[in-house]
Amino acid sequence: MKLSKALKWGSAVAVAVALTTACGTSSSNGGNTSNSSGSSAKKVEIFSWWTGAGEADGLQALIKLFQNQNPDIQVQNSAVAGGAGTNAKQVLATRMNANNPPDTFQVHAGAELMSWVDAGKMQPLNDLYQQEGWNDKFPKQLIDMVSKDGQIYGVPVDIHRGNVLWYNKKIFDQYHLTPPKTFDDFFKDADVLKAHGVTPLALGDKDTWEATMLWEDVLLGTIGADKYDQLWQGKLSFDDPGVKQSLETFKKMLQYVNSDHASLVWQDASQLVANGKAAMNVMGDWAKGYFTTDLHLKPNVDFGWVTTPGTDSDFMVISDTFGLPKGAPHQDGAIAFLKVLGSQAGQDAFNPLKGSIPARLDADTSKYDVYSQSAIADFKKDSLTPSLAHGSAANPGFLDAVNQAMQVFVSNGDINSFITQLKSAADQNPLS
Amino acid sequence: MSQNTPPAAGLPPVPTKRKRPWTWERAFPFLTVLPSFVAIVVFVYGFIAWTGWISLTKWNTLTPNMAFVGLKNYARLFTEFRFQADLRNLLFFTLLFILLCLVIGLLLAVMVDRKIRAEGFFRNIFIFPMALSFIVTGVVWQWLLSPRSGFNLILKALGWNPNHLPGWYTSTNIIPSIHWGQIQFGIPVALVAVVIAAVWQMSGFAMALYLAGLRAIPDEIHEAARVDGASEWKSFWKVTFPQLRPITATTIIILAHISMKIFDLIYAMTGPGAEFVTDMPSVNMFNTTFQGQHYAEGAAIAIFMLLALAVFIVPYMVTSLRKEGD
């Protein structure tokens, strides 16, 4: 009797303690945040999905550089792993909508950044650009991709190229082929390869975006950069004959891909090219890192690259940028970090490690490998186009609808139905 | 009720009052349950209600838009190719998965129940896959049933024509292919590969439940059947099997709720598949909500899943509550 009474009292006290401490922690949390925002220059929270091998090293190099220049600011690295940024974007959306933004965050240039701008969550950075003299350090087309109505909202850090065709050099030498420049070249090469029992084009579209990416490169090569831009700005109808033609070419290409493409991801497709089972693969230039670092292949010996057919003077841009959200708790810290990100030293510290090229035009090319040097040269003169598959050309709702339509198109090849779905996707998710 | 029960012998009679005072003894149970009760009301039922509300709004962009649109999101959902494919896949996946798990589980349970040597060893072997995460199962079976590796290498070695190897989960065939709405209705061949993986993982669990059921049947009943001259087969069908009915019902409920919410296995093994032959509402919900940022439509899919599950669970809960009442 006594014992059970003691037990009851004990647990009642425990419950009471648990309740009060729960309140206590929440109130002391509130105290913490108000404290830290009072001394806002002392900290900066950096939000990204850079957790993979090269990119995490790049981020660390950036943070190190930042700490050297700002020893009094404490860095909080809030990188979220998984799903190629999908998880991070979800966490970001939750935090932004709860008015609890990180001080600065990773976002793709173009529509993805603009969705935050349109939501009224971002601060313009024109003063920072002015102050740092950045306006002529980045290509104008790239600054346009991070601007709206003359206001600049992001600092681009890196550039990846989407319209690259990788090929197995040994196979091409063996059958005396030249890398294709046009679609006709491509199909000629493909027929030769097919006749010799080599899969002409490797594709791994288990995650769908790989197929969407291949199509966007075909589309760009068919209708050209100007019309390509107009299409995503809602200024060109999807009924344009060029769109249909691009789908016909794309459909024909699909006849030359490996039959098990639906079960593979992009790395698997790169591997097919690497081990000689397939001759070509269209993938962004992160594939270079996979070829050289993971598969230990030598550029220009084991594998070569050209731009995808018809896109000789175009550069499909995938660019990570960082912006300044409204209500960032440590605004001074965030601006200090953006300064490092946009600086030549910052870009040259980050990009060689990630395997991307700098967004600035005045980078030290000696720090980059042979592929990146050629990409840097192209980046300066080509016209830049935003990638649909990577969220730069159109809003996420539209992209998701296109991916869904693509999931069906790769199998049934119904061009008219695909175009109808593009149109209804644009109706429901207006392009701008 | 308590007023009618006579006081136990040896104890002083409990004074009966209309209103008992709030003593520690009475308040204590409430206090201990209160935190978890509040937490569940807010974090489970509250959020279900919130999801239900979102599904009736216009929130199909990044920023919340709480304008009420009624059932518009639901109406749109049912006209979509992808969702119609999801309904078809959900139906056939659930049917095949439950049926095969029950049959194989029962078979294994009967075999293990034969008082064989090293019974514990076999039991554990069969139950073990259940200890794995669906992600692990998904990755393993993705390779086993990939057109390029796994089983197809065995088939090739056995002399199967290399040009006609099965495509497993990459196949877009649907049997029989009956045109219905926007989709072809029938069993997608690709889905069979997913069913194989799911059954491999969960049939051991069905076996465990059946084994417990078999052990609970008193030997006397079997004896009596044998004395009456029933054959082994007949005694199983007429005596044992009816006794297992409650176990079967429980197993079906548990398997149904796994199959209707299945996400990780699909995500790791096949993804939505070409023409959505292996898509499920949960995968669709995830894509729609977190990649397409169509929050209201995603919420509508979630509510649909809840209701579909309720069709199974509610009758079960009602009957088991009624039994408890008896």
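No experiment lies behind these values; they were computed from the predicted model shown.

1. Re the overall build of chain B
Thinking step 1. When you go through chain B residue by residue, the secondary structure sums to 13 helices and 2 strands.
Thinking step 2. Taking 2.2 N^0.38 as the reference for a compact globule, 326 residues should give roughly 20 Å; the C-alpha atoms of chain B span a radius of gyration of 26 Å, well beyond that estimate.
Thinking step 3. With the principal axes as the frame, chain B shows a C-alpha extent of 90 × 70 × 30 Å.
Thinking step 4. Carbon and sulfur atoms provide 70% of the accessible area of chain B, an area that totals close to 18,600 Å².
Thinking step 5. When the 24 basic and 16 acidic side-chain charges of chain B are each reduced to a single mean position, those positions are 6 Å apart.

2. Some words on the confidence of the model for chain A
Thinking step 1. For chain A, per-residue confidence averages 88 on the pLDDT scale, and residues scoring 70 or more make up 90% of the total.
Thinking step 2. This stretch, residues 9-40 of chain A, has a pLDDT under 50; its non-local contacts, to residues over four places away or in other chains, come to 11 contacts.

3. Here we look at the environment of I48(B)
All names here are of chain B.
Thinking step 1. Following the sequence through the fold, I48 ends up in helix 1 (residues 24-54).
Thinking step 2. As a C-alpha pair, I48 and M269 span 221 residues in sequence and 29 Å in three-dimensional space.
Thinking step 3. Ignoring sequence-local partners within four residues, the contact set of I48 consists of I303 and L306.

4. Observations regarding the layout of surface pockets
Thinking step 1. Each pocket or cavity is described by its volume, and for the second largest pocket that value is around 1,200 Å³.
Thinking step 2. Contributing to the lining of the second largest pocket are 43 residues, with D118(A), N395(A), P430(A), L431(A) and S432(A) lying nearest its centre.
Thinking step 3. Those elements giving two or more residues to the lining of the second largest pocket turn out to be helix 4 (111-118), helix 6 (140-145), strand 5 (147-148), helix 9 (209-232), strand 14 (383-386), helix 16 (396-412) and helix 17 (415-428) of chain A together with helix 2 (72-79) of chain B.
Thinking step 4. Top contributing element to the lining of the second largest pocket by residue count: helix 4 of chain A, with 4 residues.
Thinking step 5. Residues of the lining of the second largest pocket, tallied by class, amount to 14 nonpolar, 20 polar and 9 charged.

5. Re helix 2 (residues 53-69) of chain A
Within an α-helix, residues lying three or four positions from one another point in the same direction, as the helix has 3.6 residues per turn.
Thinking step 1. The end-to-end C-alpha separation of helix 2 of chain A is 25 Å, in line with the 24 Å expected for 17 residues at 1.5 Å each.
Thinking step 2. Elements in contact with the buried residues of helix 2 of chain A: strand 1 (43-48), strand 2 (74-79), helix 13 (331-342) and helix 14 (344-354) of chain A.

6. Describing helix 8 (residues 183-195) of chain A
All names here are of chain A.
Thinking step 1. Look at helix 8: 18 Å from first C-alpha to last across 13 residues, which is about the 18 Å you get at 1.5 Å a residue.
Thinking step 2. Within helix 8, burial applies to F183, F186, F187, D189, A190 and L193. Down the axis of helix 8, the buried side of the element spans an arc of 160°, and every buried residue falls inside it. Away from the buried face of helix 8 by more than 90 degrees, exposed residues D184, K188 and A195 are located.
Thinking step 3. Where helix 8 is buried, its residues contact strand 8 (164-168), helix 7 (169-174), strand 9 (199-202), helix 9, helix 10 (241-254) and strand 10 (278-282).
Thinking step 4. Just downstream of helix 8 lies G197, where phi reads positive at about 75°.

7. Brief notes about the pattern of salt bridges
Residues and elements named next belong to chain A.
Thinking step 1. In the structure shown here, the tally under the stated rule is 26 salt bridges over all chains.
Thinking step 2. The shortest N-O distance in the salt bridge between D158 and K354 comes to 3.5 Å. Within this pair, whereas D158 is found in strand 7 (residues 155-161), its partner K354 is found in helix 14, the two being separated by 196 residues in sequence.
Thinking step 3. For D382, the salt bridge is made with K381, and the minimal N-O distance between the two is 3.8 Å.
Thinking step 4. Here K381 falls in the exposed class, since its relative accessible area comes to 60%.
Thinking step 5. Taken together, the shared-partner salt bridges connect R161, D378, K381 and D382 into one network.

8. Some details on unusual backbone geometry
Thinking step 1. Between I175(B) and the following residue, P176(B), the backbone shows a cis peptide bond with an omega angle of -15°.
Thinking step 2. The residue P176(B) is located in strand 1 (residues 174-180) in this model.
Thinking step 3. With a phi close to 50°, D149(A) is a non-glycine residue in the positive phi region.
Thinking step 4. Residue position: D149(A) is located in the loop between strand 5 and strand 6 (151-152).
Thinking step 5. For D149(A), a relative accessible area of 73% puts it in the exposed group.
Thinking step 6. If you check the backbone angles, W168(B) has positive phi at about 50° while not being a glycine.
Thinking step 7. Position of W168(B) relative to the elements: it lies in the loop between helix 6 (151-157) and strand 1.

9. Focus on the confidence of the model for chain B
Residues and elements named next belong to chain B.
Thinking step 1. On average, residues of chain B score 87 in pLDDT, and 94% of them reach the 70 mark or higher.
Thinking step 2. Segment residues 1-9: pLDDT under 50, and 2 contacts once partners within four positions in sequence are set aside and those in other chains are kept.
Thinking step 3. The ipTM for the predicted assembly is 0.78, set against a pTM of 0.83.

10. Some details on the sheet that holds strand 11 (residues 303-307) of chain A
Residues and elements named next belong to chain A.
Thinking step 1. With respect to topology, 4 strands assemble into an open sheet ordered 9-10-8-11, the strand pairing being mixed. A single partner strand is all that each edge strand has here, and the edge strands are strand 9 and strand 11. Neighbour-to-neighbour, the strand axes of the sheet open up by a mean angle of 25°, direction not taken into account.
Thinking step 2. Where strand 9 and strand 10 come together, 3 bridges link them in parallel fashion. Across the sheet, T199 pairs through a bridge with A278, a residue of strand 10.

11. Description of the pairing of strand 3 (residues 104-108) of chain A
Residue and element names in this part refer to chain A.
Thinking step 1. With 5 of 5 residues buried, strand 3 lies mostly within the body of the structure.
Thinking step 2. Of the two faces of strand 3, the one carrying T104, Q106 and H108 and the one carrying F105 and V107 are both buried.
Thinking step 3. Inspection of the sheet shows strand 1 paired to strand 3 by 2 bridges, in the parallel sense. By the bridge assignment for strand 3, I46 is matched with T104.

12. Some words on the pairing of strand 2 of chain A
Residues and elements named next belong to chain A.
Thinking step 1. Relative to strand 2, strand 1 is paired through 6 bridges, and the arrangement is parallel. Residue pairing for strand 2: I46 is matched across the bridge by N77.
Thinking step 2. For the crossover from strand 1 across helix 2 to strand 2, the handedness is right-handed.

13. Quick look at empty space enclosed by the protein
Thinking step 1. One pass over the structure, following the stated rule, counts 4 cavities of 30 Å³ or more.
Thinking step 2. Size it by volume and the largest cavity reaches roughly 90 Å³.
Thinking step 3. In this structure, the largest cavity is lined by D205(A), K206(A), T208(A), A211(A), H261(A), A262(A), M406(A), Q407(A), V410(A), T270(B), G273(B) and A274(B).
Thinking step 4. Counting residues per element, the lining of the largest cavity draws most heavily on helix 16 of chain A, which supplies 3 residues.
Thinking step 5. Among the residues making up the lining of the largest cavity, the classes are represented as 5 nonpolar, 5 polar and 2 charged.
Thinking step 6. Counted as a void, the second largest cavity has a volume near 50 Å³.
Thinking step 7. Together, A262(A), Y169(B), T170(B), T270(B), G273(B), A274(B) and V277(B) line the second largest cavity.
Thinking step 8. Across the lining of the second largest cavity, the residue classes break down as 4 nonpolar, 3 polar and no charged.

14. Examining the interface of chain A and chain B
Thinking step 1. Across the boundary between the two partners, chain A contributes 30 residues, which contact 39 residues of chain B.
Thinking step 2. Of all residues in chain A, K206(A), Q404(A) and Q407(A) give up the largest surface area on contact with chain B, accounting jointly for 18% of the area buried on that side.
Thinking step 3. In this structure, the salt-bridge partner of R148(B) is D260(A), at a minimum N-O distance of 2.5 Å.
Thinking step 4. Linking chain A to chain B there are 9 residue pairs in polar contact (both at pLDDT 80 or more).
Thinking step 5. Taken together, the elements giving at least two residues each to the side of chain A that touches chain B come down to helix 1 (2-38), helix 3 (86-97), helix 4, helix 11 (266-274) and helix 16 of chain A.
Thinking step 6. Considering every element that reaches the side of chain A that touches chain B, the biggest residue donor is helix 16 of chain A, with 8 residues.
Thinking step 7. Taken together, the residues of the side of chain A that touches chain B break down into 10 nonpolar, 14 polar and 6 charged.

What counts, and at which threshold
- Residues numbered from 1 in each chain as written.
- Chains lettered and ligands numbered in written order.
- Predicted model: local features only at pLDDT ≥ 70, side-chain atom pairs only at ≥ 80, totals over all residues.
- Heavy atoms only, no water.
- Helix = DSSP H or I, 4+ residues; strand = E, 2+ residues; numbered from the N terminus.
- Rg over C-alpha atoms; globule rule 2.2 N^0.38 Å.
- Areas by Shrake-Rupley, 256 points an atom, 1.4 Å probe, with all protein chains shown as cover.
- Lys, Arg positive; Asp, Glu negative; His and termini not counted.
- Charge placed at Lys NZ, Arg CZ, Asp CG, Glu CD.
- pLDDT = per-residue confidence, 0-100.
- Contact = heavy atoms within 4.5 Å.
- 1 Å grid on protein atoms, 1.4 Å probe; cavity = no way out; pocket = protein on both sides within 12 Å on 5 of 7 lines; lining within 4 Å.
- Points joined across faces, edges and corners; volume = space filled by probe spheres on them.
- Nonpolar A, V, L, I, M, F, W, Y, C, P; charged D, E, K, R; others polar.
- Expected span 1.5 Å × (residues − 1).
- Buried < 20%, exposed > 50% of the residue type's maximum accessible area, 1.4 Å probe, protein only.
- Arc of directions from axis to C-beta.
- Salt bridge = Lys/Arg side-chain N within 4 Å of Asp/Glu carboxyl O.
- Pairing = 2+ DSSP bridges.
- Axes fitted to C-alpha atoms, helices over the stretch in contact; angles between N-to-C directions.
- Right-handed = clockwise from strand over helix to strand, strands pointing away.
- Buried area = accessible area lost by both parts, 1.4 Å probe.
- Polar contact = N/O pair within 3.5 Å; in protein donor to acceptor, adjacent residues only side chain to side chain.

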